[in-house]
Amino acid sequence: MIRVEGLVKRFGEIRAVDGVSFEVRSGEIYGLLGPNGAGKTTTFSMLAGLLGPDSGRITLDGIDIAEDPVGVKRGLGIVPQEVAVYEELTARENLRLWAGLYGLTGTALDQAVGRALDEVGLSGRSREPVERFSGGMKRRLNLSLGLVHRPKVILLDEPTVGIDPQARANILDVVRRVADAGAAVLYTTHYLEEAEQLCDRIGILDHGKLLAEGTLAELKEQVGEDEVVVLPPSLNRLFLKLTGRELRD
């Protein structure tokens, strides 16, 4: 359903994406895992049609995005990292707007909106202005906007950033259900625990290159079973102060 072949994107002298290739099958959640600046968002933007690659090929549901960008987007669901809702509108009004943009009308539109609200647990708050919602509720609504038209291909860019555990669990459950229904899901994250819990296969991206990919078991076989601990810079500096040496990769 998603096929990426030799994808390259340069910004001046920097290769933000450097020869990336991977495939996501129907019914599969593929986690694109990497630190900030690894190239995840640039890859996501090219898949979404927001950036053109310098070279390489992207096909979504058998359609080449360069040859038919409008046709691709009809069957594509996009959930960006930034919450993209109209806060002065209600949740139902937001969904009706997006469903209409995807071409739904009449009874089909009403059914799609009702289903999307049920999926993310917002039916009871659907007629309130979104500005009254908590951060987690806004994230759930943001997810539902990308799913309202039942797309075959779904791109999720770190959809659980900055939310409480309950809202995160709800979002992960919804993502799993849409994949089980047959959608191909690309899920970018830097949360290792999310990738372990949710993803069928994982691609490790860093400095624009896909370093490894496979199931969690396959990746463990590649790197061994040793536990890996990653410290933030502040703790690394503390370790240096206490021990006189610095932790390195």
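Preceding this section is the structure that the text describes.
Summarised in this report is the structure supplied together with it.

Criteria and cut-off values
- Residues numbered from 1 in each chain as written.
- Predicted model: local features only at pLDDT ≥ 70, side-chain atom pairs only at ≥ 80, totals over all residues.
- Heavy atoms only, no water.
- Pairing = 2+ DSSP bridges.
- Helix = DSSP H or I, 4+ residues; strand = E, 2+ residues; numbered from the N terminus.
- Axes fitted to C-alpha atoms, helices over the stretch in contact; angles between N-to-C directions.
- Contact = heavy atoms within 4.5 Å.
- Buried < 20%, exposed > 50% of the residue type's maximum accessible area, 1.4 Å probe, protein only.
- Arc of directions from axis to C-beta.
- Salt bridge = Lys/Arg side-chain N within 4 Å of Asp/Glu carboxyl O.
- Parallel < 35°, antiparallel > 145°, perpendicular 65-115°, else oblique.
- Left-handed = near helix turned anticlockwise from the far one by under 90°.
- Nonpolar A, V, L, I, M, F, W, Y, C, P; charged D, E, K, R; others polar.
- Expected span 1.5 Å × (residues − 1).

A short note on the sheet that holds strand E6 (residues 76-79)
Now for step 1: Strand order in the open sheet formed by six strands is E6-E7-E8-E3-E9-E10, with mixed pairing between adjacent strands. The sheet is open, and its two borders are formed by E6 and strand E10 (209-214), each paired with just one other strand. Ignoring strand direction, the axes of neighbouring strands in this sheet form an average angle of 15°.
Now for step 2: Of the strand pairs in this sheet, strand E9 (residues 201-206) and E10 are connected by five bridges, and their pairing is antiparallel. Within E10, the position partnered with aspartate 206 by the bridge is lysine 209.
Now for step 3: In this fold helix H5 (residues 135-147) packs onto E6 and strand E7 (153-157), with an angle of close to 165° to the strand it touches most, E6.
Now for step 4: Its contacts with the sheet place helix H6 (residues 165-180) against strand E3 (29-33), E7 and strand E8 (184-189), and it is angled at close to 150° to E8.

Some points on helix H3 (residues 91-101)
Note that an α-helix has 3.6 residues per turn; residues three or four places apart therefore point the same way.
Now for step 1: Buried within H3 we find Ala91, Asn94, Leu95 and Ala99. With its buried residues spanning 125° around the axis, H3 presents them on a single face.
Now for step 2: Looking at the buried side of H3, the elements it contacts are helix H4 (106-119) and H5.
Now for step 3: Backbone geometry just downstream of H3 places glycine 103 in the positive-phi region, at approximately 95°.

Points about the pairing of E9
Now for step 1: When E3 meets E9, the two strands line up parallel, connected through four bridges. The residue bridging leucine 33 from the neighbouring strand is isoleucine 204, located in E9.

Description of the sheet that holds strand E2 (residues 14-24)
Now for step 1: Taken together, four strands build an open sheet; the order of strands is E2-E1-E4-E5 and the sheet is antiparallel. On the outer flanks of this sheet lie E2 and strand E5 (63-64), each paired with one strand and no other.
Now for step 2: The pairing of strand E1 (residues 2-11) with strand E4 (residues 55-60) spans five bridges and is classified as antiparallel. Paired with arginine 3 across the strands is threonine 59, a residue of E4.

Here we look at the pattern of salt bridges
Note on pairing: side chains with opposite charge can pair once their charged atoms come close.
Now for step 1: Going through the model one piece at a time under the given rule, you end up with 17 salt bridges.
Now for step 2: Here arginine 96 ties to aspartate 110 by a salt bridge, and the two come within 2.5 Å at their closest N and O atoms. Placement of the pair is arginine 96 in helix H3 and aspartate 110 in helix H4, with a sequence separation of 14 residues.
Now for step 3: Accessibility expressed as a relative area gives 42% for aspartate 110, which makes it partly exposed.

Looking at the packing of H3 against H5
Now for step 1: Contact geometry of H3 with H5 gives a least axis separation of 9 Å together with a crossing angle of 25°. Looking at the two axes, H3 sits roughly parallel to H5. Regarding H3 and H5, the two cross each other, and that crossing is right-handed. The segment H3 lies against H5, with Ala91, Asn94, Leu95 and Trp98 engaging Leu141, Ser144 and Leu145.
Now for step 2: Within the contact of H3 with H5, the residues separate by chemical class into five nonpolar, two polar and no charged.

Some details on the packing of H3 against H4
Now for step 1: H4 packs onto H3 with a crossing angle of 130° between their chain directions and a minimal axis gap of 9 Å. Here H4 runs oblique to H3, going by the angle between their axes. Both H3 and H4 take part in a crossing whose hand is right-handed. Two secondary-structure elements touch here, H3 through Ala91, Arg92, Leu95, Arg96, Ala99 and Gly100 and H4 through Leu109, Asp110, Val113, Ala116 and Leu117.
Now for step 2: In terms of residue class, the contact of H3 with H4 is made up of seven nonpolar, one polar and three charged.

Section: H4
Now for step 1: Here H4 is 14 residues long and its end C-alpha atoms lie 20 Å apart, about the 20 Å a rise of 1.5 Å per residue gives.
Now for step 2: Taken together, the buried positions of H4 are occupied by Leu109, Ala112, Val113, Ala116 and Leu117. Taken down its axis, H4 places every buried residue within 130° of arc, on the same side. The outward face of H4, more than 90 degrees from its buried face, is lined by the exposed residues Thr107, Gln111 and Asp118.
Now for step 3: Where H4 is buried, its residues touch H3 and H5.
Now for step 4: One or two positions beyond H4, positive phi appears at glycine 121, with a value near 70°.

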